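Listed here are the chains, written in short residue letters.
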Amino acid sequence: MEKLINPVVTAGILRKYDFHFQKRYGQNFLIDEHVLNKIISASEITKDDFVLEIGPGIGTMTQFLCEAAGKVLAVEIDEKLIPVLEDTLSEYDNVQVINNDVLKLDLNKIADEYNDGKKIKVVANLPYYITTPIIMGLFEAHLPLESITVMIQKEVADRMQAGPGTKDYGALSLAVQFYSEPEIVATVPPNCFMPRPGVSSEVIRLKTLESCPVDVQDEAFMFKVIRAAFNQRRKTLVNALGNASNINVSKDQVKDALGQMGLDERIRGEALELGEFAKLSNLLK
Ligand code: SAM
């Protein structure tokens, strides 16, 4: 079968199955081979690799992943795409498709079941409406992840790489820094997709870190502190953390901890870097 990355082939498959794009699922299919090759080469897949693809669509990227990887597991929410994928991936015997919502799956169980808990690579052209929960979910599940190479909205890529004091800086930036080393692989204009999205996109590779970059006693507690700090980002840390119902610290305890760190008690969360959040959460704990 000719590859789906050719827009004429994609249009033919959409006609054959009378497929109508579902906006609510963020369906924008890739039709640019140059971009697809960049994603595949940035993900550094070999025949030893197990790849998890989130949202295969009609199988455009999946066809390339099957050729590069040892095994591919693709999770697609839209049941209308399952018969299409059976057709477009029929040549490959190293792929399995699961019809489910990726946010509802126990990915650790899947990594155990399908790959004996060994390292996996995630590669995807993500549905933009749930990029952040997918990325946070992958990190927080503590999957045996080697890397995540994904196409995302440019604004989200900017947030992932932002530093203290900028408007884009937030819980997502800190999670990305805590778990990985980010690198932008390509900037992708809307005309590389069918249908065209209303935004520009970027391919980002997040290589997971081998060891923790900061000294933190309780990672889950630190992320509660971070989330509370950015939930009310215009408030001082003392007020934002003192008012947060799920971390159980008083304003005086926050003032005291900031004092021990040599920080002004009027400081806002957006001014703290990752190492400072780690130290603050250790003190509050
Ligand atoms: N990989 C294909 C490509 O590059 O042409 C399609 C990418 S499209 C941007 C996103 C895909 O994710 C769609 O096929 C959509 O149906 C699927 N999707 C959306 N939400 C999902 C979810 N919660 N779980 C799994 N797949 C989802």
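This text follows the structure it describes.
Here the structure is a predicted model, which means the values were calculated and not measured. (Residues numbered from 1 in each chain as written. Predicted model: local features only at pLDDT ≥ 70, side-chain atom pairs only at ≥ 80, totals over all residues. Heavy atoms only, no water.)

(A) Looking closely at the pairing of strand 5 (residues 120-125). Judged by how many residues are buried, strand 5 sits mostly within the fold: six of six residues are covered. Of the two faces of strand 5, the one lined by Ile-120, Val-122 and Ala-124 and the one lined by Lys-121, Val-123 and Asn-125 are each fully buried. In this sheet, strand 5 lies alongside strand 2 (residues 50-54) in parallel orientation, the contact comprising three bridges. Residue Val-51 lies in a different strand from strand 5, and its bridge partner there is Lys-121. As paired elements, strand 5 and strand 6 (residues 145-153) share six bridges and run parallel to each other. Residue pairing in the sheet places Ile-120 in a bridge with Leu-145 of strand 6. (Buried < 20%, exposed > 50% of the residue type's maximum accessible area, 1.4 Å probe, protein only. Helix = DSSP H or I, 4+ residues; strand = E, 2+ residues; numbered from the N terminus. Pairing = 2+ DSSP bridges.)

(B) Representation of the packing of helix 7 (residues 154-161) against helix 8 (residues 171-179) within the structure. With their axes 6 Å apart at the nearest point, helix 7 and helix 8 run at an angle of 65 degrees to one another. The handedness of the crossing between helix 7 and helix 8 is right-handed. Facing helix 7, whose interface residues are Val-156, Arg-159 and Met-160, helix 8 presents Leu-172, Ser-173 and Val-176. (Axes fitted to C-alpha atoms, helices over the stretch in contact; angles between N-to-C directions. Left-handed = near helix turned anticlockwise from the far one by under 90°. Contact = heavy atoms within 4.5 Å.)

(C) Region of interest: the site of the ligand. The full set close to the ligand counts 23 residues, and Leu-30, Gly-55, Glu-76, Asp-101 and Tyr-129 are the nearest of them. Between the ligand and Ile-77 there is a distance of 3.3 Å, counted from a nitrogen atom to a backbone nitrogen or oxygen. Protein contact buries 99% of the 600 Å² of open area that the ligand shows by itself. Here the ligand is seated within the largest cavity. Counting residues per element, the ones that place at least two in the shell around the ligand are strand 1 (29-30) and strand 3 (71-76). Taken together, the residues of the shell around the ligand sort by class into 12 nonpolar, eight polar and three charged. (Near = heavy atom within 4 Å. Polar contact = N/O pair within 3.5 Å; in protein donor to acceptor, adjacent residues only side chain to side chain. Areas by Shrake-Rupley, 256 points an atom, 1.4 Å probe, with all protein chains shown as cover. 1 Å grid on protein atoms, 1.4 Å probe; cavity = no way out; pocket = protein on both sides within 12 Å on 5 of 7 lines; lining within 4 Å. Sits in = over half its atoms within 2 Å of the grid points. Nonpolar A, V, L, I, M, F, W, Y, C, P; charged D, E, K, R; others polar.)

On their own, these measurements won't tell you what the molecule is for.
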